Amino acid sequence: MSDPLDAAEATPRRGFLKSLATLAIVGTAVLSPFAAGLAFFLDPLLKRREPFRGAENGFLYVANVSQLPASGEPVHFALRADRVDAWNIFRNRTIGSVYLRLMGPGIVLALNDICPHLGCKIELKPADKTFLCPCHGAHFKLDGEQITHIAPRSMDTLLVDVRKDGGVWVKYQEFEGGKTQKVEL
């Protein structure tokens with residue numbers, strides 16, 4: 001025989017447990033997709049990635065050392081890679097361009113072709129064996145050293161890795177113009 005007083009006390013507890021179970025089920029059903037969507041949205045921002053796809057520790061393949069003249073004449077190369085930002089991939093884009101110069105067996109000099117004055121593209125003048133910035137007339141030697149002091153510094157050199165197979169890999173970087181020291185962008 002059950003006690004009517006016990007049944008009256010049990011009913012609110014059952015109701016509370018039903019409410020708690022309902023809240024847990026509805027909360028799980030609503031919050032799970034929201035949490036998954038939030039994680040998907042924030043994923044690119046939380047992961048640190050290479051700015052270029054195809055780069056190895058920031059180094060991009062440019063050319064083979066056999067493509068550089070032994071005379072030391074600079075050769076202009078465009079760097080192409082997949083540019084990656086937080087949510088987008090832009091395939092096969094020109095990232096920048098560099099001049100490569102063979103300085104000796106297995107020694108390659110890489111110069112960024114952006115003028116450190118105001119950011120114009122520097123041109124090679126083979127007849128003069130110099131580089132010239134067409135915007136303001138800054139002249140540089142073939143090793144990138146300033147001839148005129150229009151630009152605040154010499155041409156920006158880049159890190160080069162010449163691999164065993166002869167591949168020349170360059171760590172492409174851009175620097176702020178108008179400053180006497182290299183400040184990476």
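Everything numeric in this text was worked out from a predicted model, so none of it was measured.

## Some words on a nonpolar patch on the surface
Alright, step 1. Side chains of Val26, Val30, Leu31, Phe34 and Leu38 sit close together on the surface and give an oily, nonpolar patch of about 500 Å² of accessible area.
Alright, step 2. For Val30, the location among the structural elements is in helix α1 (residues 4-46).
Alright, step 3. On the basis of relative accessibility, which here comes to 53%, the residue Val30 falls in the exposed class.

## Some points on the sheet that holds strand β7 (residues 130-132)
Alright, step 1. The three strands lie next to each other as β6-β7-β8, forming an open sheet whose pairing is antiparallel. Looking at the sheet topology across the chains shown, the edges are occupied by β6 (123-125) and β8 (139-140).
Alright, step 2. In terms of strand pairing, β7 meets β8 through two bridges, oriented antiparallel. Note that in β8 the partner of Leu132 across the bridge is His139.

## What about unusual backbone geometry?
Alright, step 1. One non-glycine residue, Asn92, adopts positive backbone phi at about 50°.
Alright, step 2. With respect to the helices and strands, Asn92 occurs in strand β4 (residues 89-104).

## A closer look at the state of the cysteines
Alright, step 1. Applying the stated criterion across every chain yields a total of one disulfide.
Alright, step 2. Between the sulfur atoms of Cys120 and its disulfide partner Cys135 the distance amounts to 1.9 Å. Because the sign of the S-S torsion sets the handedness, a value of about -105° for the bond joining Cys120 and Cys135 places this disulfide among the left-handed ones. Here Cys135 lies in the loop between β7 and β8 and Cys120 lies in the loop between β5 (107-112) and β6, a separation of 15 residues in the sequence.
Alright, step 3. Among the residues examined, Cys120 registers a relative accessible area of 17% and is labelled buried.
Alright, step 4. In this structure Cys115 is a free cysteine whose sulfur lies 3.7 Å from that of Cys133, the closest cysteine sulfur available.
Alright, step 5. Looking at Cys133, the relative accessible area reads 2%, which means it is buried.

## Things to note about the pattern of salt bridges
Alright, step 1. The tally for this structure, following the rule as stated, stands at seven salt bridges.
Alright, step 2. The residue Asp113 makes a salt bridge to Lys121 at a minimum N-O spacing of 3.2 Å.
Alright, step 3. You can call Asp113 buried: its relative accessible area is 2%.

## Some thoughts on the packing of aromatic side chains
Alright, step 1. Evaluation of the coordinates by the stated rule reveals two aromatic pairs.
Alright, step 2. Each ring, one from Tyr61 and one from Trp169, has its centre 5.7 Å from the other, and the planes form 70°; the classification is edge-to-face. You can see Tyr61 sitting in strand β2 (residues 59-64) and its partner Trp169 sitting in strand β10 (residues 167-171), a full 108 residues away along the chain.
Alright, step 3. Relative to Phe131, the ring of Tyr99 lies with its centre 4.7 Å away and its plane at 55°, an arrangement referred to as tilted.

Here is what the cut-offs are and how they apply
For every chain, the first residue of its written sequence is number 1, and the numbers climb from 1 along that sequence. Only residues with pLDDT of 70 or above have their local features reported here, since the model is predicted, and side-chain atom pairs are shown and tallied only from 80 upward, although totals for entire chains, interfaces and linings are computed over all residues. Only hydrogens and water are set aside when side-chain values are computed; all heavy atoms of the structure are taken into account. Like charges within 9 Å and nonpolar side chains (Val, Leu, Ile, Met, Phe, Trp, Tyr) within 5 Å are joined into patches, using only residues over 30% in relative accessible area that form no salt bridge. Note that accessible areas follow from Shrake-Rupley with a 1.4 Å probe, and for residues the cover is restricted to the protein chains shown. When a carboxyl oxygen of Asp or Glu lies within 4 Å of a side-chain nitrogen of Lys or Arg, that pair is called a salt bridge. Numbering goes from the N terminus for both helices and strands, where a helix is a DSSP run of H or I of at least four residues and a strand is a run of E of at least two. Here the term buried applies to any residue with accessible area under 20% of the maximum for its type, exposed to any over 50%, and partly exposed to those in between, with areas from a 1.4 Å probe on protein chains only. By definition, two strands form a pair when at least two bridges between them are found by DSSP. The rule for a disulfide is simple: a pair of cysteine sulfur atoms within 2.5 Å. Two aromatic rings, drawn from Phe, Tyr or Trp (for Trp, its six-membered ring), form a pair once their centres lie within 6.5 Å of each other, and the interplanar angle then sorts them: stacked below 30 degrees, edge-to-face above 60, tilted otherwise.

Scope: geometric values only; no functional claims are made or implied.
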